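Breakdown of the fold
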Amino acid sequence: MAILVNEQTRVLVQGITGYQGEFHGRRMLEFGSKVVAGTSPGKGGGAVAGVPVFDTIAEAVAQTGANASCIFVPARGAKDAALEAIASHLDPVVIITEHIPVHDAIEIVATARAAGVHVVGPNGPGLTSPGKCKIGIMPNTLFKPGPVGLVSRSGTLTYEIVAGLTNAGLGQSTALGLGGDPVVGLTFQEAIEMFARDPETKAIVMVGEIGGAAEEEAARYIQASVKKPVVGYIAGLTAPPGKRMGHAGAVISGTEGTAQGKIKAMEAAGIRVVDLPGRVAETVRGLL
Amino acid sequence: MKLHEFQAKEIFAKYGIPIQKGTVIERPEQLDGITLKYPVALKAQVLVGGRGKAGGIKLAKDPAEARERAKAILGMDIKGEKVRRLLAVEAVDIGAEYYLAFTVDRAARRLVSIGSAAGGIDIEEVARTTPEKIVKVHIDPFAGYHSYHGLEMGRKMGFTGKLLLQYAAIASSLARICDEMDAELVEINPLAVVAGSLLAVDAKLIIDDNAVFRHEGLPRNEELTELEAMAKAEDLSYVELDGDVAIIGNGAGLVMSTLDMIAHFGGRPANFLDVGGGATTENMTQAMDIVLRKPGIHALFINIFGGITRCDDIAAAIAANPPKAPMVVRLTGTNEEEGRAILQKAGIHAFTDPEAAARETVKLAGAR
């Protein structure tokens, strides 16, 4: 088990002939992911790292049985790329691309929802089920299979915490980055629902940051419905209001989205919130 | 990107939203030839909020007083932003004040229209203290916004007859602006009743930075400090704070967590720079240059977790131009061994544990 991706996942890389698409396509193959096809309109018929390149997803699916997508297409073309993947019912559709206009993200997410497709991102590192499949850009060497499900809004902070878990001998079922934009597909709550149902996942780690109210929403759900232990960490405790802290979504507006508010809501829901990322692993161990 | 009031109002006018007659000036003398009826309101054109409280809006009953007041406002500093332009408008007798906006509701992942009969004041305050006075309509991305949404909202806000129709028409125009201009926020506060009709007395429009590429002819407004602008030109994300520890990291989440760690151990971040994913030696060199230009830096903390970013690229930049400020480096991840070897040759120690590195940084900053 694991969530969203496993041994049966057949990955299609959209934008595989680009710099990032090719680089990370190769890394995914090295990880052991079944990367079966790539797309790059106008470059169909070629190959990248032995992976056949197609002009359209329809052709790629017909010939390779691809069933999930990883999008590296630049922001201007990303909406079209995502809608094409959703129309072909690839699932999940993982969008790595950053700087996608928010009106486009709204359209992508609504279309995916109507089609019953999971979109992960945009502007995230993707997801990894160690020993099974990686879709995205997380470094290959950090992971180890095991009982911890991790969901986070950031990339490198995810790596930091995964490395801490692995060093402490705690492997992961799936590690997943939701993306740092104001509007993203998969939410904390949806990821946590999947971890709660996944028999392999014995403990859940949620790594949030300032902005929005997704952590509070997830905390309410956890309190009502999740029996597995949950450990939390929130970045941005010292961020000043009104400043955009790198991620487009990480800004405190008015009274909403503060780290203090999130930590309070999470602790009230029975989540063990730690004050330094380095304390996640020991806290998980204590709860397993 | 935030637009100034006068820029937003130019767009409002194109979409048929009623605004006051007005003119933009940069020097008091420019008031001389204007054809506005007195009294006029003189409004500082700045991107920061709270200009009214800061004295950036004044009434003038005649040309002499207008020149006097314009002289006082132009050049004024409002929360660090210098007033370069004034919008002079014919003063109006304001009756009831309403609020109307379109923005992104992150949780609903849709656009939302927000209206209130309690306009003219801070809407977040209204939402907190009297949420029943806020009316919201979420916009279905497939069905779109239609006039009946405005009529329904308008009724809930207490409009009837001619004002109701006007309200719905203004809301439809604002919905079109939101859609066609890729707005993150388009807002009228107050939307005021003046002589029996609705008038947009103020205007706010924030265009999604990521969508600026598909809108030609937009003004280039920057609220950035000099160093922030320098970083932006290099595609680096830099934010200024007010302590004495400069911070460089890769990835927004890791950098925020690094700031928190420094504060946790008793330090005060002065600024931070996120070199992002896949930073090169050149990016890193520029990053060190930018953060250390800020006066009063007592220590520099470089916290890198290599993913796409390679530790050897980062180390090469540090070794080639070791900064003059006391520095602590934490380096782990992709090509860590190579990176450490480069630093060792240059006599620079690199930490693996971020907490130990953060503690050391705070100690160095405190020693100054």
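Described below are features of the structure shown in this document. (Residues numbered from 1 in each chain as written. Chains lettered and ligands numbered in written order. Predicted model: local features only at pLDDT ≥ 70, side-chain atom pairs only at ≥ 80, totals over all residues.)

**Let's talk about the overall build of chain A**
Quick note on the threshold: Numbered from the N terminus, helices here are DSSP runs of H or I no shorter than four residues, and strands are runs of E no shorter than two. For the exposure call, what matters is how many other C-beta atoms sit within 10 Å of a residue's own: 20 or more marks it buried, 12 or fewer exposed, and in between partly exposed, using C-beta atoms placed from the backbone. Remark: residues whose backbone-derived C-beta atoms lie within 7 Å of one another are considered to be in contact.
Counting its regular elements, chain A contains 9 helices and 14 strands. Taken along its principal axes, the extent of the C-alpha atoms in chain A is 55 × 40 × 30 Å. The buried share among the 288 residues of chain A stands at 59%. If you take every contact in chain A between residues at least 6 apart in sequence, the share linking residues at least 24 apart comes to 72%.

**Description of the overall build of chain B**
In terms of regular secondary structure, chain B is built from 11 helices and 18 strands. Overall, chain B is about 80 × 50 × 40 Å in size when its C-alpha atoms are taken along their principal axes. Sorting the 368 residues of chain B into buried and exposed places 45% on the buried side. The long-range fraction of contacts in chain B, counting pairs at least 24 apart against all pairs at least 6 apart in sequence, stands at 67%.

**A word on the packing of helix H5 (residues 156-167) of chain A against helix H9 (residues 280-287) of chain A**
All names here are of chain A. Condition: To get an axis, fit a line to the C-alpha atoms, keeping to the stretch in contact for a helix; angles then go from 0 to 180 degrees between the N-to-C directions. We call two directions roughly parallel when the angle between them is under 35 degrees, roughly antiparallel when it is over 145, roughly perpendicular when it lies between 65 and 115, and oblique otherwise. Left-handed describes a crossing in which the near helix is turned anticlockwise from the far one by less than a right angle; the clockwise case is right-handed. Ten residue types, Ala, Val, Leu, Ile, Met, Phe, Trp, Tyr, Cys and Pro, are classed as nonpolar, four, Asp, Glu, Lys and Arg, as charged, and the remainder, Gly among them, as polar.
Running from N to C, H5 and H9 point in directions that differ by 50°, and their axes come no closer than 8 Å. In terms of orientation, H5 and H9 fall into the oblique class. In this structure, H5 crosses over H9, and the sense of that crossing is right-handed. Mapping the contact onto sequence places Ile-161, Gly-164 and Leu-165 in H5 and Val-280, Ala-281 and Val-284 in H9. For the contact of H5 with H9, the class distribution of residues is 5 nonpolar, 1 polar and no charged.

**A look at the interface of chain B and chain A**
With 41 residues of chain B in contact, the opposing surface of chain A contributes 46 residues. Put simply, the parts of the chain that give the side of chain B that touches chain A at least two residues each are strand E8 (110-116), helix H3 (123-129), strand E13 (237-240), helix H7 (252-264), strand E15 (269-274) and helix H11 (354-366) of chain B. Broken down by element, the side of chain B that touches chain A gets its largest block of residues, 11 residues, from H7(B). Counted by class, the side of chain B that touches chain A contains 20 nonpolar, 10 polar and 11 charged residues.

**Considering the sheet that holds strand E10 (residues 145-152) of chain A**
Residues and elements named next belong to chain A. Test applied: The criterion for strand pairing is that DSSP finds at least two bridges linking the strands in question.
An order of E9-E8-E11-E10-E12-E13-E14 is seen for the 7 strands of this open sheet, with the pairing classed as mixed. Where the open sheet ends on each side, the last strands, each with one partner, are strand E9 (133-136) and strand E14 (272-273). The pairing of strand E8 (residues 126-129) with strand E11 (residues 172-177) spans 3 bridges and is antiparallel. Residue pairing across strands places Thr-128 opposite Ala-175, the latter belonging to E11. Sheet strands in contact with helix H8 (residues 259-268) are strand E12 (203-209), strand E13 (230-235) and E14, and its direction is about 175° off that of E13.

**What to know about helix H2 (residues 63-73) of chain B**
Residue and element names in this part refer to chain B. Quick note on the threshold: Summarising the geometry, the arc corresponds to the directions from the helix axis toward the C-beta atoms.
Listing the buried residues of H2 in full gives Ala-66, Arg-69, Ala-70 and Ile-73. End-on, the buried residues of H2 take up no more than an arc of 105°, which puts them together on one face. In this fold, the buried residues of H2 make contact with strand E1 (22-25), strand E2 (40-44), strand E3 (57-60) and strand E6 (86-90). Following H2 by one or two positions, Gly-75 has its phi on the positive side, about 90°.

**Looking at unusual backbone geometry**
With an omega of 10°, the peptide bond between A:Gly121 and A:Pro122 qualifies as cis. Look at the link from B:Tyr38 to B:Pro39: it is a cis peptide, with omega at 0°. Position of B:Pro39 relative to the elements: it lies in the loop between E1 and E2. The phi dihedral of A:Asn123 falls on the positive side, at around 60°, and the residue is not glycine.

**Quick notes on the sheet that holds E1(B)**
Residue and element names in this part refer to chain B. Spatial strand order, E1-E6-E2-E3: 4 strands in an open sheet with antiparallel pairing. Lying at the two open borders of the sheet, with one neighbouring strand each, are E1 and E3. With direction set aside, neighbouring strand axes in the sheet form an average angle of 20°. The pairing of E2 with E3 spans 4 bridges and is classified as antiparallel. Paired with Ala-41 across the strands is Leu-59, a residue of E3. Contacts from H2 reach E1, E2, E3 and E6 within the one sheet, and its direction differs from that of E2 by about 10°.

**What to know about the pairing of E9(A)**
All names here are of chain A. As defined by bridge partners, E8 adjoins E9 across 4 bridges and the pair is classed as antiparallel. Among the inter-strand pairings, Thr-128 is bridged to a residue of E9, identified as Lys-134. Between the end of E8 and the start of E9, which pair antiparallel, lie 3 residues, with Gly-131 showing a positive phi angle near 80°.

By themselves, these figures tell us nothing about what the structure is for.
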